[in-house]
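# Structure at a glance
As a plain string of letters, each chain reads:
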Amino acid sequence: MVAVNKSKKEIEYLCTECGNTTPKWAGKCPFCGAWSSLKEHVVERITEGAGRTGRGLGGPVHKVVPLRDVATENTRRLSTANTEFDRVLGGGFAPGSLVLIGGDPGIGKSTLVLTTLATMNAAGVKALYVSGEESACQVKLRSERLNVSGSDMLLLCETNLEKILEQAKEVKPQVLVIDSIQTVYKSDLAGTPGCATQLRECTLDLMVFAKNSGCITILIGHVTKDGQIAGPRILEHMVDTVVYFEGDRNHQYRLLRTIKNRFGATDEIGVFEMTSHGLNPVLNPSKVFLQEGVPPTPGSAVCCTMEGSRALLFETQALVNQTNFAVPQRVAAGIDPKRLTIILALLEKFGGVTIGASDVFASIAGGMKVNDASSDLALALAVASNHLGIPLSRQTIAIGELGLSGEVRGVSLLEQRLKEASRLGMTEAVVPASCKLSENVGRMKIVHVHTLSEAISWLMDKK
């Protein structure tokens, strides 16, 4: 007698960074090169050709069809009624999409999702909120604080994935939320909830459910100490959209940033304000990061960065002070520390600004993080402004990348940046001379500079 459907358990080592597996442990992953990333997990192999049922994305039988014959109806996006959330998602939720939302504890992930579901439910969208971390009473108390306790949104407090999918298939929601994916488990798999095997298999089952049923599925994920979503990186590869919450819990503003989006542009951001009644969208984010009504002070310069399709103005601040230590300090907040070191060397070499024996502190006001080379010129002018004691007007914007030869290099989408600056009341712009601008950039005085020394000379003339 031959046994069929017999399973065999094996031990493999899964890389938490890239998601690849290897039969032997090693200190360094042979695929991505990450150190100490291989973790042991048990794999259940099914022999005798017994594959799992229900895993197909389009049903048990797949047929080859020409691309031109693929139907694209029923792909209309579902709006969240939240302008900033819709922007980040690329216009709303796509049918059957699997969305992963990550962020630090207490940053506002559950608050955003709960208020969004309540708003969508009021518009006639059937939503199911699955809580694996809080009881029904806790969710009710939070909903009362957010003024959405009267919503008809469906609630399920469960961590067993089989029971969750059984209830979801019965009620057939348009939107399903799992809060959080690290608390969900499958009873037929070894390992505790949140381990690599459970995360991968649970996410795979939820992905298949979303694609087969067309239900929009949202996963809320925990993050590690370095800010990455906990679990193997394959979790991010499996979902359609990855969204991160950024910001300090001690500040009132939060940034929602798209890292991956199969249905829209990446690197889009949404800005929210945390209030006692939840997260409110900020319609004009540039004004959030620009302090108005304050006289100009040395050490501040305004710049503009592109976040997806949005031009966002921000304020770069610098403080130069005589050091009390043998080695001067270089501290950067929201700025790449290595980039700051390069700009200080350029100021010494080409700008004639001697700051080698001084402490230099630089930051982006409002808690933003900027990794855009077009902010080099603004940072250099902010440092020189504070060191020389020459204030820059708050109606002046500086945009440009600095090369290692001291030249000011061109940046992309300069006209779009300048139009946004003009709309917000900027009257003067310092830009690279290599960029060709049309006349339709607003009523701004344009100052073209070829080198960093020219920009410093322009600043000296302001004294």
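This text follows the structure it describes.
Before going into details, it helps to say that this report is about the structure given with it. (Residues numbered from 1 in each chain as written. Predicted model: local features only at pLDDT ≥ 70, side-chain atom pairs only at ≥ 80, totals over all residues. Heavy atoms only, no water.)

## Observations regarding the overall build of the protein chain
Scanning the protein chain for helices and strands turns up 11 helices and 21 strands. By the burial criterion, 46% of the 463 residues in the protein chain qualify as buried. The long-range fraction of contacts in the protein chain, counting pairs at least 24 apart against all pairs at least 6 apart in sequence, stands at 65%. Accessible surface computed for the protein chain: about 22800 Å², of which carbon and sulfur atoms make up 52%. (Helix = DSSP H or I, 4+ residues; strand = E, 2+ residues; numbered from the N terminus. Buried < 20%, exposed > 50% of the residue type's maximum accessible area, 1.4 Å probe, protein only. Contact = heavy atoms within 4.5 Å. Areas by Shrake-Rupley, 256 points an atom, 1.4 Å probe, with all protein chains shown as cover.)

## Structural notes on the packing of helix H9 (residues 376-388) against helix H11 (residues 452-460)
Following both chains from N to C, one finds H9 and H11 inclined at 45°, their axes separated by 11 Å at the closest point. Between H9 and H11, the angle falls in the class oblique. For H9 against H11, the interelement crossing comes out right-handed. Mapping the contact onto sequence places Leu 377, Ala 380, Leu 381, Ala 384, Ser 385 and Leu 388 in H9 and Leu 452, Ala 455, Ile 456, Trp 458, Leu 459 and Met 460 in H11. (Axes fitted to C-alpha atoms, helices over the stretch in contact; angles between N-to-C directions. Parallel < 35°, antiparallel > 145°, perpendicular 65-115°, else oblique. Left-handed = near helix turned anticlockwise from the far one by under 90°.)

## Focus on unusual backbone geometry
The step from Asp 179 to Ser 180 runs through a cis peptide bond, and the omega angle for that step is 5°. With respect to the helices and strands, the residue Ser 180 is situated in the loop between strand S7 (175-179) and helix H5 (196-213). Of note in this structure, Ala 81 is not a glycine but carries a positive phi near 65°. Within the secondary structure layout, Ala 81 lies in the loop between strand S3 (38-46) and helix H1 (83-89). Ala 81 sits in the exposed class, given a relative accessible area of 60%.

## A few points about the packing of aromatic side chains
Across all of its chains, the model carries two aromatic pairs by this definition. Judged by centre distance (5.8 Å) and plane angle (80°), the rings of Phe 85 and Phe 93 are edge-to-face. Across the pair, exposure class does not vary: Phe 85 and Phe 93 are buried alike. The interplanar angle of 55° and the centroid separation of 6.4 Å between the aromatic rings of Phe 245 and Phe 272 together place this pair among those described as tilted. On the criterion of sequence distance, the pair formed by Phe 245 in strand S9 (residues 241-246) and Phe 272 in strand S11 (residues 269-275) is long-range, its members being 27 residues apart. Of the residues examined, Phe 245 reaches a relative accessible area of 4% and is grouped as buried. (Phe/Tyr/Trp six-rings, centres within 6.5 Å; stacked < 30°, edge-to-face > 60°.)

## Remarks on helix H3 (residues 136-145)
All of the buried residues in H3 are Val 139, Arg 142 and Ser 143. What you see down the axis of H3 is that its buried residues fit within an arc of 100°, all on one side. Along H3, exposed side chains directed more than 90 degrees from the buried face belong to Cys 137 and Leu 141. Looking one or two places after H3, you find Asn 147, whose phi comes out positive at around 60°. (Arc of directions from axis to C-beta.)

## Concerning empty space enclosed by the protein
Taken as a whole and judged by the stated rule, the model has two cavities of 30 Å³ or more. If you add up the space inside the largest cavity, you get close to 40 Å³. Along its surface, the largest cavity is lined by Arg 77, Leu 89, Gly 92, Phe 93, Ala 94, Ser 97, Val 99, Thr 241, Asn 261 and Phe 263. Classifying every residue of the lining of the largest cavity gives five nonpolar, four polar and one charged. Counted as a void, the second largest cavity has a volume near 30 Å³. Examining the composition of the lining of the second largest cavity, we find that three residues originate from one element, strand S13 (residues 300-307), more than from any other. Across the lining of the second largest cavity, the residue classes tally to three nonpolar, two polar and two charged. (1 Å grid on protein atoms, 1.4 Å probe; cavity = no way out; pocket = protein on both sides within 12 Å on 5 of 7 lines; lining within 4 Å. Points joined across faces, edges and corners; volume = space filled by probe spheres on them. Nonpolar A, V, L, I, M, F, W, Y, C, P; charged D, E, K, R; others polar.)

## Focus: the sheet that holds strand S8 (residues 216-221)
Strand order across the open sheet formed by nine strands is S6-S5-S7-S8-S4-S9-S10-S11-S12, with mixed pairing between neighbours. Every other strand in the sheet has two partners, leaving strand S6 (154-157) and strand S12 (278-281) as the edge strands with one partner each. Here the average twist between neighbouring strands, direction ignored, is 25°. Bridge count for strand S10 (residues 253-261) against S11 is five bridges, and the pairing is antiparallel. Paired with Leu 255 across the strands is Val 271, a residue of S11. The strands touched by H5 within the sheet are strand S4 (98-102), S7 and S8, with S8 carrying the most contacts at an inclination of about 155°. (Pairing = 2+ DSSP bridges.)

## Observations regarding the nonpolar core
A general trend in soluble globular proteins is that nonpolar side chains are found buried together. By size, the foremost hydrophobic cluster in this structure holds 63 residues, and its most contacted members are Leu 313, Leu 347, Leu 377, Leu 381, Val 383 and Ile 397. For this core, the element with the highest residue contribution is H9, accounting for eight residues. Listed in part, the 30 residues of the second largest apolar core include Val 99, Leu 114, Leu 117 and Val 243. (Core = buried A, V, L, I, M, F, W, Y, C linked by side-chain atoms within 4.5 Å.)

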